[in-house]
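Coordinate inspection notes
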Amino acid sequence: MKGHSPYVLELKAVSRTYDLGGGRTLRALDDVSCRVEAGRSIAVVGRSGSGKSTLLHLAAGIDLPNTGSVHLHGRDISQLSDSERTRLRRTEVGLVFQFFHLLPGLSVQDNVSLPGWIAGRSQLQSRALELLETVGLSDRAGQSVEKLSGGEMQRVAICRALLAGPRLLLADEPTGNLDDENADLVMNLLLDLTRREGSTLIYVTHSDEMAALADEVWHLHSGRLDIASPATDPRPASGA
Amino acid sequence: MLRYFFLSLRTQFSRGRSLFVLSVLGVALGVASVVSIQVLNDNSLAAFRGGIRAISGDADLTVVGAGPAFSDSLYPTVLGTRGVELAIPLYQVAVSLADDPETYLEVVGVDLLAPTGLPVNPTSTPGDDDGFGAVSEALSVPGWVAVTPALAEDRGWSRGDTFVVSSGSRSVRLQVGALVDFQSYAPLASRYLAVMDISQAQALLGRPGKLQQIDVHLAEGVNPEDVRETLQDELGPMVRVTTPSSRTDDAANLLSAFRLNLTALSMISLFVGMFLIFSSTQASLVRRRREIGLLRSLGATRLQVLAWLIGEVAWLGLIGVAVGIPIGLFAATQNVEVVSATLTNIYLLSAIDSLRIPAQTYLLAAFVGIGGAVLGALFPAWDSTRKDPRALLSAFSVHEGTQGVAGRLALAGGILIGLALLATFFFRESWRYFGFAVGLVLLIALPMMTPVLVQAVSRITPAAGFNFSLAIRNLSARLQTTSISIASLAIAVSMMIGVTLLISSFRSTLATWVDDTIRADIYITTESWVRGGEDAFLTEDVLATLRGHGDVAAIETLRRLSLEIEGRPIWVGGVSLTLPDSLYSFPMREGNARAALESIRASDSCLISEPLSRKTKLGVGDSLQVRTPRGLERYPIVGVTYDYSSDGGTALVSEATMSRLFGEGPVQNVALFLAPETDPDEVIGELRAALPGVPLSYRSNRHIREEVFRIFDQTFAITRLLQGMALLVAACGISLTLLVVARERVAELALYRSLGALRRQIFGLFVGEGLGLALLGLVLGTVGGFALAGILVYIINPAFFGWTIRPDGSWAEWAQQCLTILAVAVLASLYPALKASRVPAQELTREDL
């Protein structure tokens, strides 16, 4: 599945507009081009409606651009069928959400194992336990997720995203629904685990502090991308 | 608020067309079941009532035989009774059309010179089609008969045409003398009604000197009850003086069990439909909880919100009614033939000629459709409005509530069932409708068990991947929605399995009874026997020919009369009892067969059937009180036999006893026992050749068995339709539930998609959930079905029909039904699964997973 590109993700002149009806349109992304090297962490900042989530959706192959192309490990995913993009997502992309999106009827371990079930890879069951061990939740593997705190839920969600060993991890405001203490814990864990797994991390955040932890910060203004300085030289993210 | 109501109605429709259509369909099918059965029930009596209206007109009183046809010597007594202004003698006989023996003509013999209640105009000319034409023609032309234009058109007859009918073993040629539209006079009258001169009817088709009815018109100012009592005293016990309306009541009583059972079964579909409404209202309220909270915050009172929600459901119910009525009428039209056949073959009432839709049917449909929908929505609507606005505006999951009460619900259901079982021991036989009450308790308790069952199954199902096991576990996560669907399916399955078990048990019991009792090689009767009654007799020369056949080793004759015993019409058979003891078989419920046989041979004692025993509460050692020309006489009951020939009841005496009681009379049936190694079909061929043109019906032992089961299956055909309707409503329930679930779980489905689930995987997951719903519904429904079968077999059947039915079921049939239900469930899941599989991963931006 993997191409020979040195970049995990590459967007070339990508634009995405939405039809709002009545002849009105919304330009969520406007001629965006960028590249992400393997092992890097990127923070995406911007005001609400600036196109951050659209960028993540395009990167995950959940959405397609109107113009331009999105390349994942060198493959132009715009040219893939829905089924091919879905299969690619199974192995290459991990997703973490602001609202965790854990299934209430399943246990902690089952929630982590879910991508393995979907992919039909039963051998990932033991990896789920290993990941839970890493985030300190192995003793709660059999419990219902409804009994976890917000921070714990997000740790479970991170484990789920990492289960298949994806090369690209996309996180949409992973700490947006957590208190400060848990936010720090989860963000550090996310960065630590992605580094350890050798994955690339792109995360959307409204927090300057969180953005500062990334290798690069991308600013989105009304759909236009401004790739800024490395995180070692953070600058205030507009709209944060 | 009213403006908002209409706006919201439009929004609801445009936002959830599939849910709306399925909810309407659920109500519509429930309404259709009730409407079809009500129309058939109503028309089954209407045809009888129409016949009475056409024949008796506005007579004040009617004298009818309480046993065999009575002597016309009673006529002058009636006419001479004080207060009687006019008395019209009638002779009615059902004759078979020779070219179509299963079609009967109800010939009414009237005195054409007397002013009858019929649309007779003796002064009209022979060319008139609206009257009899010249009376002289009617009296002088042999076989002159007036028929309805509808029948004439059906058969291609014109005035002057002739046709052959059979009455007993006699064939008679009749001539169409006039076309009289009885239906314009009495719209419900059958097209098969025909009128001829009474003396011709007696001589050609019946018996001279006998009458079956005298219609009495009273002088003005006379008290009908006084005259009725006087006439009854003067005419003696062999007639009954009654009013035309009470004759309809008698017919209603005769049909009451048949009608009640069909009504109860039709209500089950409506009940299942109510679950559908409950489910869709619940789904709609969960979706709109914030809207309700907002309205409450803006000042809407609880009552206003409740009225708004109930009003919405009432609209939905109204549309369901509008759709359900034509479906019900169509179903009634499609099944009128089988119900009509049951009426004529089993209850000997008039066939349903054309369906009439009484105005109250529409009212009933509106009442059950809208009422059922409102009742189904009442609890969830009330539950939503009683919450304070703050709770409604905050995140809320109805499923959490159900998770908590599942155990308590199951306990309450268990207590209900326990109480019902306890009551069974005490009230089973003391209240006739007890079985229906227990059935209702079962249908209420069954859904209460559902949430616990779903939880338990979900708990024991291992998490083993994105497959059927996850589908089963998902059912527990949306407990309230899925429980309702499973419950409604379980009720439909209960009905299906319960009724199927009843039918198969009944069939098997009947087969055993037929094996025990049908022992002769050939049974001979006349073609008009089923409805011809006493007049459908075999003449002596026919009997002599039968007796004279060389291969006939023994012959048994049966004379059958309809008598009124304990206020109910029953058949009394007089049997010659000339065969060796070994050829008789009486399956006894009470008493000893050999001793009973000896007793009825030697004395004026009788055997009675089980239904008669149950309905009159008489048994061995009691006496049967019989009206005879000598007055009321008592005859000892020496045995109670299992008998499935009539739910009205039968009694058996010796032919000699019958002659002593009612005088000599002709026989209607003959059973032939052939010499060993004789081929019955050959003998039938030889008898046909020896009796050319005689309208006899010959049935070999094998043939009569087939006939019994043909009639049996015909009787239950309408029941199968009701089972199908209930299943269809339940299938709508599955579709509706899965659509609701798909809608509630948009974010979850998007999550699956974002985690790499293919569309077909989600499609498969949803079909799996449909299958899971069906399997759990099947498990619960099978348990309920067995319980319902027990209620039908052991409580309702004995109370209403009086038969002992031995439980017997076919595993193959059960398996076939299960497969059908599963297939229906899978089909019902396809559309929701398709919708679910189309949920895009972008929907994950929603927070309410």
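Residues numbered from 1 in each chain as written. Chains lettered and ligands numbered in written order. Predicted model: local features only at pLDDT ≥ 70, side-chain atom pairs only at ≥ 80, totals over all residues. Heavy atoms only, no water.

1. Digging into the overall build of chain B
Rules: In this text, helices come from DSSP runs of H or I with a minimum length of four residues, and strands from runs of E with a minimum of two, each type numbered from the N-terminal end. Only protein chains enter the accessibility calculation, which uses a 1.4 Å probe. A residue is then buried if its area is under 20% of the maximum for its type, exposed if over 50%, and partly exposed in between. Throughout, a residue-residue contact means that at least one pair of heavy atoms, one from each residue, lies within 4.5 Å. A positive count includes Lys and Arg, and a negative count includes Asp and Glu. His and the chain ends are not counted in either. Positions of charges follow a simple convention, taking NZ of Lys, CZ of Arg, CG of Asp or CD of Glu.
For chain B, the helix and strand inventory stands at 28 helices and 21 strands. C-alpha atoms of chain B, sized along the principal axes, occupy 95 × 65 × 50 Å. Evaluated residue by residue, chain B yields a buried proportion of 58% over its 849 residues. Counting only contacts in chain B whose residues sit at least 6 apart along the sequence, the fraction spanning at least 24 positions is 81%. The average position of the 66 basic charges and that of the 75 acidic charges among the side chains of chain B differ by 16 Å.

2. Considering the pattern of salt bridges
Going by this rule: Salt bridge, as applied in this entry: a Lys or Arg side-chain nitrogen positioned within 4 Å of an Asp or Glu carboxyl oxygen.
Counting across every chain of the model gives 26 salt bridges over all chains. Across the salt bridge formed by Asp581(B) and Arg601(B), the nearest N and O atoms sit 2.5 Å from each other. Of the two residues, Asp581(B) sits in the loop between β14 (568–575) and β15 (588–590) while Arg601(B) sits in helix α20 (residues 593–602), which places them 20 residues apart along the sequence. A salt bridge links Arg589(B) to Glu610(B); the shortest N-O distance between them is 3.1 Å. A residue pair is termed long-range when its members are at least 10 positions apart, and Arg589(B) in strand β15 and Glu610(B) in helix α21 (residues 610–616) qualify at 21 residues. One network of salt bridges, with partners in common, ties together Arg27(A), Asp30(A) and Arg224(A).

3. So, the nonpolar core
Keep this limit in mind: Only buried residues count toward a nonpolar core. Its members are Ala, Val, Leu, Ile, Met, Phe, Trp, Tyr and Cys residues joined through side-chain atoms within 4.5 Å.
Among the nonpolar cores identified, the biggest contains 193 residues, and Leu114(A), Leu170(A), Ile202(A), Phe466(B), Tyr752(B) and Phe766(B) are the most heavily contacted of them. For this core, the leading source of residues is helix α17 (residues 479–517) of chain B, giving 20 residues.

4. Here we look at a nonpolar patch on the surface
Defined as follows: Patch definition: residues above 30% relative accessible area lacking any salt bridge, with like charges linked at up to 9 Å and the nonpolar side chains Val, Leu, Ile, Met, Phe, Trp and Tyr linked at up to 5 Å. Computed by Shrake-Rupley with a 1.4 Å probe, the accessible areas treat only the displayed protein chains as cover when residues are assessed.
Among the surface-exposed residues, Leu411(B), Ile415(B), Leu419(B), Leu422(B), Phe425(B), Phe426(B) and Phe427(B) lie close enough to one another that they form a single nonpolar patch of about 850 Å² accessible area. Following the sequence through the fold, Phe427(B) ends up in helix α14 (residues 398–427).

5. Some remarks on the domain arrangement of chain B
Interface size, as often reported, equals the accessible area lost upon joining of the parts. All names here are of chain B. This is how the line gets drawn: For the domains described, the bounds stem from an automatic or database domain assignment. Note: buried area is the sum, over both parts, of the accessible area (probe 1.4 Å) each one loses when the two are combined.
Under the domain assignment used here, chain B contains domain 1 (1–54 + 256–396), domain 2 (61–242), domain 3 (452–518 + 702–849) and domain 4 (529–694). At the interface, 13 residues of domain 3 touch 13 residues of domain 4. Of the roughly 1,200 Å² buried between domain 3 and domain 4, counting both surfaces, carbon and sulfur atoms make up 57%. Contact with domain 4 buries surface across domain 3, with Trp513, Trp803 and Thr804 losing the most and accounting together for 45% of the total.

6. What to know about helix α27 (residues 759–800) of chain B
Stated formally: Throughout, bend refers to the angle between the axes fitted to the seven residues that end at a position and the seven residues that start at it.
In α27(B), a bend of some 35° at Leu792(B) exceeds every other bend along the element. At the exit of α27(B) stands Gly802(B), carrying a positive phi of roughly 85°.

7. Here we look at the interface of chain B and chain A
Selection rule: Under the rule applied, a polar contact is a pair of N or O atoms within 3.5 Å (in protein, one hydrogen donor and one hydrogen acceptor; residues adjacent in sequence only if both atoms are side-chain atoms). Amino acids outside the nonpolar list (Ala, Val, Leu, Ile, Met, Phe, Trp, Tyr, Cys, Pro) and the charged list (Asp, Glu, Lys, Arg) are all regarded as polar, and Gly is one of them.
Counting from both sides, the interface comprises 26 residues of chain B and, opposite them, 24 residues of chain A. Counting the surface lost from both chain B and chain A, the interface buries some 2,300 Å², and carbon and sulfur atoms represent 65% of this. Among the ionic pairs, Asp82(A) bridges to Arg753(B), the shortest N-O distance being 2.8 Å. Put simply, chain B and chain A have eight residue pairs in polar contact (both at pLDDT 80 or more) between them. Sorting elements by how many residues they give to the side of chain B that touches chain A places helix α26 (residues 746–754) of chain B first, with five residues. Looking at the side of chain B that touches chain A residue by residue, the class counts come to 13 nonpolar, six polar and seven charged.

8. Quick word on the sheet that holds strand β4 (residues 67–72) of chain A
Residues and elements named next belong to chain A. Quick note on the threshold: Strands are labelled as partners when DSSP assigns at least two bridges between them. Fitting a line to C-alpha atoms yields each axis, with helices limited to the stretch in contact; the angle taken between N-to-C directions then spans 0 to 180 degrees.
In spatial order, the strands read β2-β1-β4-β5; together these four strands make up an open sheet with antiparallel pairing. Strand pairing shows two members of the sheet lacking a second neighbour, β2 (24–37) and β5 (75–76), which therefore form its edges. Two strands pair when backbone bridges link them, and strand β1 (residues 7–21) and β2 are joined in this way by 10 bridges, in the antiparallel orientation. Its bridge partner lying in β2, tyrosine 7 is registered against glutamate 37. In the packing of helix α1 (residues 52–60) onto the sheet, contacts are made with β1, β2 and β4, and the angle to β1 comes to roughly 120°.

9. Topic: unusual backbone geometry
All names here are of chain A. Positioned with a positive phi, phenylalanine 100 is a non-glycine residue whose angle comes to about 65°. Positionally, phenylalanine 100 belongs in the loop between β6 (93–96) and α3 (108–119). Unlike most non-glycine residues, serine 222 shows phi in positive territory, near 45°. Tracing the chain through its elements places serine 222 in the loop between β9 (216–221) and β10 (224–230).

10. Observations concerning the pairing of strand β12 (residues 522–526) of chain B
Successive side chains on a regular strand alternate, one facing one side of the sheet and the next facing the other. All names here are of chain B. Counting buried positions over the five residues of β12 gives five, a clear majority of the element. By the alternation rule, side chains of β12 split into Ile522, Ile524 and Thr526 and Tyr523 and Thr525, which are all buried. Alignment of β12 against strand β20 (residues 669–674), held across three bridges, turns out to be antiparallel. If you follow isoleucine 522 over to β20, its bridge partner there is leucine 672. Pairing of β12 with strand β21 (residues 696–700) involves five bridges; the strand directions are antiparallel. Paired with isoleucine 524 across the two strands is tyrosine 698, which belongs to β21.

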